[in-house]
Amino acid sequence: MLDVHDLCGGYGQAPVLHNVKMRLGRGETVALLGPNGAGKSTLLAALTATLPVRSGRAEMSGHDLIGMPSHRIVAEGLALIPEGRHVFAPMTVEDNLLLGSIRLQGRSAAAVRSRFEYVYDLFPRLAERRLQRTGTLSGGEQQMVAIGRALMSAPRLLLLDEPFMGLAPMVVQQILQALQVLRSTGMTMLLVEQKLDIALKHSDRAYVLVKGRIVCTDRSIQLAARTDLSQLYLGSG
Ligand SMILES: Nc1ncnc2c1ncn2[C@@H]1O[C@H](COP(=O)(O)OP(=O)(O)OP(=O)(O)O)[C@@H](O)[C@H]1O
Ligand SMILES: [Mg+2]
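Here the structure is a predicted model, which is why all the values come from computation and not from measurement. (Residues numbered from 1 in each chain as written. Chains lettered and ligands numbered in written order. Predicted model: local features only at pLDDT ≥ 70, side-chain atom pairs only at ≥ 80, totals over all residues. Heavy atoms only, no water.)

Caption draft 1: Structural detail: the sheet that holds strand E6 (residues 78-81). Strand order in the open sheet made by the 6 strands is E6-E7-E8-E3-E9-E10, with mixed pairing throughout. Since the sheet does not close on itself, it has two edges, and those belong to E6 and strand E10 (213-219), each with one partner. Going from strand to strand, the sheet's axes swing by 15° on average, the running direction of each strand aside. Strands strand E3 (29-33), strand E7 (157-161) and strand E8 (188-193) of the sheet are contacted by helix H7 (residues 169-184), whose axis makes an angle of about 150° with E8. (Pairing = 2+ DSSP bridges. Helix = DSSP H or I, 4+ residues; strand = E, 2+ residues; numbered from the N terminus. Axes fitted to C-alpha atoms, helices over the stretch in contact; angles between N-to-C directions. Contact = heavy atoms within 4.5 Å.)

Caption draft 2: Molecular detail of the site of ligand 1. Not every one of the 13 residues close to ligand 1 is listed here, only the nearest: Asn36, Gly37, Lys40, Thr42 and Glu162. Residue alanine 38 places a main-chain N or O atom 3.1 Å away from an oxygen atom belonging to ligand 1. Side-chain polar atom of glutamate 83 to an oxygen atom of ligand 1: 2.8 Å apart, as the coordinates give it. Notes on ligand 1: free accessible area 640 Å², of which the protein chains cover 59%. (Near = heavy atom within 4 Å. Polar contact = N/O pair within 3.5 Å; in protein donor to acceptor, adjacent residues only side chain to side chain. Areas by Shrake-Rupley, 256 points an atom, 1.4 Å probe, with all protein chains shown as cover.)

Caption draft 3: Broad picture of the pairing of strand E2 (residues 14-24). Both strand E1 (residues 2-11) and E2 contribute to a ladder of 7 bridges, which runs antiparallel. Within E2, the residue paired with glycine 9 across the bridge is leucine 17. Counting the residues between successive antiparallel strands, the hairpin from E1 to E2 contains 2 residues, one of them, glycine 12, with a positive phi of roughly 55°.

Caption draft 4: Local environment of the domain arrangement of the chain. We note that the domain assignment places domain 1 (1-77 + 157-237) and domain 2 (88-155) within the chain. Look at where the C-alpha atoms of domain 1 and domain 2 centre, and you get two points 24 Å apart. In this complex, domain 1 contributes 19 residues to the contact, which on the side of domain 2 involves 15 residues. The interface formed by domain 1 and domain 2 holds 0 salt bridges in total. Between the two partners, domain 1 and domain 2, sit 1 residue pair in polar contact (both at pLDDT 80 or more). At the level of elements, helix H2 (70-76), E7 and H7 are the ones that each hand at least two residues to the side of domain 1 that touches domain 2. It is H7 that provides the largest number of residues to the side of domain 1 that touches domain 2, a total of 7 residues. Taken together, the residues of the side of domain 1 that touches domain 2 sort by class into 14 nonpolar, 5 polar and no charged. (Domains from an automatic or database assignment. Salt bridge = Lys/Arg side-chain N within 4 Å of Asp/Glu carboxyl O. Nonpolar A, V, L, I, M, F, W, Y, C, P; charged D, E, K, R; others polar.)

The following block contains the structure:
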């Protein structure tokens with residue numbers, strides 16, 4: 001589904017990503033773990049045309065995403081749920097979702113309607129609140145809007161940047177349940193997380209990014225059993 005080869009990039013002259021290699025198979029949930037400032041969000045920015053890449057490739061179904069304009073990236077089936085959600089507070093839930101459908105391939109009224117149904121089935125809470133201003137929703141509900149908005153473009157690969165940040169444990173469980181449904185229906189997901197336990201429990205494989213380099217990768221179950229992992233992680237700060 002996605003093959004990242006030796007990706008290097010950064011802001012201005014400062015390099016952040018160093019020869020990042022990563023592969024996601026169809027239907028896999030892969031965790032991208034790393035401490036604060038490791039470059040996780042920078043990697044997602046590189047994949048979604050918001051960061052110029054110095055060298056390397058990122059192939060999705062054989063097409064290189066690097067250098068592609070963002071609307072083509074969405075058309076390829078990639079959708080980002082950004083860190084901090086970035087929902088439009090003054091707009092209703094429904095209008096926020098509608099924005100996500102703008103780049104829906106073959107955007108007929110029927111196609112948009114069926115995406116709304118899909119999102120409202122996954123998050124019935126949003127259906128109840130569809131005319132409410134998004135800024136007045138709880139943090140968890142806003143995260144649901146952010147995920148729902150990404151799903152409106154009918155993606156094949158979801159990039160989730162720390163979707164549980166700042167949420168109460170019960171709300172985290174609700175979001176996890178929705179991700180579980182997506183996983184069971186074959187969605188491919190890259191789950192960016194700082195917390196090892198939650199990410200390893202809910203992914204098939206994981207990559208650990210420290211200071212812009214992938215320092216280890218394995219099946220999540222194997223990584224969870226490693227005793228040196230948090231040391232590697234914590235010692236990196
Ligand atoms: N717009 C920017 N301009 C310059 N440097 C930046 C910019 N955004 C991030 N950086 C730097 O790039 C490095 C990686 O940041 P990034 O946000 O990708 O980390 P992260 O792994 O997502 O961290 P967190 O878990 O805290 O979100 C950091 O050193 C950060 O200071
Ligand atoms: Mg980040």
